[in-house]
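# Fold and contact review
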Amino acid sequence: MDRDAVKIKIASLLRQPPATLRDETALTDLATDSFALVEIVIELQEELGVRLVQEDLKDVKSVGDLIRLCLNAGHGQVFSKT
Amino acid sequence: MLNENELWLLSFYRTSEISGSLFFGRLARSMKPGPIQRDMTKHFADEALHAWYWTSCIEKLGAQPLKLTEAYQDQYLVAAGMPANLMEVLAITQIFEKRVINEYARHSRIPDVDPVVRETLDKITADERWHIEWVRKALGTMEADYGKELIEKTLKRFWQADRQVYSKTMKEHEERVQYLLNKRSISKESQKNG
């Protein structure tokens, strides 16, 4: 899976055209509320076959951070056990 | 007739049930069909019904629900952080539902609680017990994927967050319950004394 594919998935979950998603855009600006953000992160894992835990998201603030995290996460395995 | 504190509390319960229903409804919509999605569907349907029970209860007592901006769940996400996967969502749900049952039981213990409120509390508490049970079983099935140790660690972390939420951000809720408990015990005492 490459960077563009992850970006396209994120854009489709956010119901936004991929071209409008910039790496520096804050996730909180895109999600309508914190529950929407939880929903997006969980759906993204189902779509991409990766698994994240809360600790992994600690420093994820922007679209670029989330793309990098998904690219680094192991498929079907818990990424971090901390 | 409801006093200001009672109306606020019942409206707070109603708002929290609406938030829970919307959250689990959205989550169920995004999940693949299976046993967890099935039980989550029942869970969000229950929470929607509970919101209706509170609406109806408030109306029967001659009032209209207050529009509150915050629910229990909003405060949880601030203190406990955002759950990042389904196991973490279920772990935080387990802790949260236990807290809700405790709070409803506490409200039930207020002396002379109106029978309409008591009936509503009893109906909802029966469903909440099932919520704890299905989530406990679902977490058990996730042990193969996540490991028992990680699930226990996650529950412990959210349990600690729950205590923080309760001691810090649930202050208004706590003060209003305490006010009702004190008020009722003072009125009982004065009845006894003459």
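Please refer to the structure higher up on the page.
The present account deals with the structure reproduced in this document. Everything quoted here is computed from the prediction, not taken from an experiment.

Rules used throughout
Residues numbered from 1 in each chain as written. Chains lettered and ligands numbered in written order. Predicted model: local features only at pLDDT ≥ 70, side-chain atom pairs only at ≥ 80, totals over all residues. Heavy atoms only, no water. Salt bridge = Lys/Arg side-chain N within 4 Å of Asp/Glu carboxyl O. Helix = DSSP H or I, 4+ residues; strand = E, 2+ residues; numbered from the N terminus. Buried < 20%, exposed > 50% of the residue type's maximum accessible area, 1.4 Å probe, protein only. Contact = heavy atoms within 4.5 Å. Buried area = accessible area lost by both parts, 1.4 Å probe. Polar contact = N/O pair within 3.5 Å; in protein donor to acceptor, adjacent residues only side chain to side chain. Nonpolar A, V, L, I, M, F, W, Y, C, P; charged D, E, K, R; others polar. Axes fitted to C-alpha atoms, helices over the stretch in contact; angles between N-to-C directions. Parallel < 35°, antiparallel > 145°, perpendicular 65-115°, else oblique. Left-handed = near helix turned anticlockwise from the far one by under 90°. Lys, Arg positive; Asp, Glu negative; His and termini not counted. Core = buried A, V, L, I, M, F, W, Y, C linked by side-chain atoms within 4.5 Å.

This model, assessed by the stated rule, comprises 14 salt bridges over all chains. We note a salt bridge from Glu47 of chain A to Lys9 of chain A, for which the minimum N-O separation is 3.1 Å. Here Lys9 of chain A lies in helix α1 (residues 3-13) and Glu47 of chain A lies in helix α3 (residues 34-48), a separation of 38 residues in the sequence. Judged by relative accessible area, Lys9 of chain A falls into the partly exposed class, the value being 28%. Close ionic contact of Lys137 of chain B with Glu133 of chain B constitutes a salt bridge, the shortest N to O distance being 3.9 Å. In this pair, Lys137 of chain B and Glu133 of chain B both sit in helix α5 (residues 115-141), four residues apart, roughly one turn of the helix. On the accessibility criterion, Glu133 of chain B (29% relative accessible area) is partly exposed. Look at the salt bridges and you will find they share partners, linking Glu39 of chain A together with Arg26 and Arg29 of chain B into a network.

Moving on to the interface of chain B and chain A. Facing 25 residues of chain B, the contacting portion of chain A comprises 21 residues. For the chain B face of the interface with chain A, the top three residues by lost area are Arg26, Met82 and Ala84 of chain B, together amounting to 28%. At the boundary of chain B and chain A, one finds three salt bridges. Its salt-bridge partner being Arg26 of chain B, residue Glu39 of chain A comes within 2.9 Å of it at the nearest N-O pair. Applying the counting rule to chain B against chain A returns seven residue pairs in polar contact (both at pLDDT 80 or more). At the level of elements, α1 (4-30), α3 (72-80), α4 (86-108), α6 (143-146) and α7 (148-168) of chain B are the ones that each hand at least two residues to the side of chain B that touches chain A. Per-class residue counts for the side of chain B that touches chain A are 13 nonpolar, four polar and eight charged.

Residues and elements named next belong to chain B. By the element assignment, Thr93 lies in helix α4. Looking at Thr93, the relative accessible area reads 5%, which means it is buried. Aside from chain neighbours lying at most four places away, what touches Thr93 is Phe24, His43 and Val135.

Looking now at the packing of α4 of chain B against α5 of chain B. Residues and elements named next belong to chain B. The interhelical angle for the contact between α4 and α5, taken along N-to-C directions, is 155 degrees, at an axis separation of 9 Å. Classified by the angle between their axes, α4 and α5 sit roughly antiparallel to one another. Viewed along their axes, α4 and α5 form a crossing whose handedness is left-handed. Across the contact of α4 with α5, the residue classes tally to 14 nonpolar, six polar and seven charged.

Our focus in this paragraph is the side chain of Asp127 of chain B. Residue and element names in this part refer to chain B. In this structure, Asp127 sits in helix α5. Lys42 provides the closest opposite charge to the buried, unpaired Asp127, separated from it by 4.8 Å. Ignoring sequence-local partners within four residues, the contact set of Asp127 consists of Asp46 and His50.

The subject of this paragraph is the nonpolar core. The biggest cluster of nonpolar side chains holds 33 residues, and the ones touching the most others in it are Leu2, Leu10, Trp54, Tyr104 and Val117 of chain B. For this core, the elements supplying multiple residues, two or more each, are α1, α2 (35-60), α3, α4, α5, α7 and α8 (171-192) of chain B. Leu10 of chain B has contacts with Leu2, Trp54, Cys57, Ile58, Leu61, His107 and Val117 of chain B, leaving out every residue within four places of it along the chain. Within the second largest apolar cluster, 26 residues are counted, among which are Leu48, Val60, Leu66 and Ile67 of chain A.

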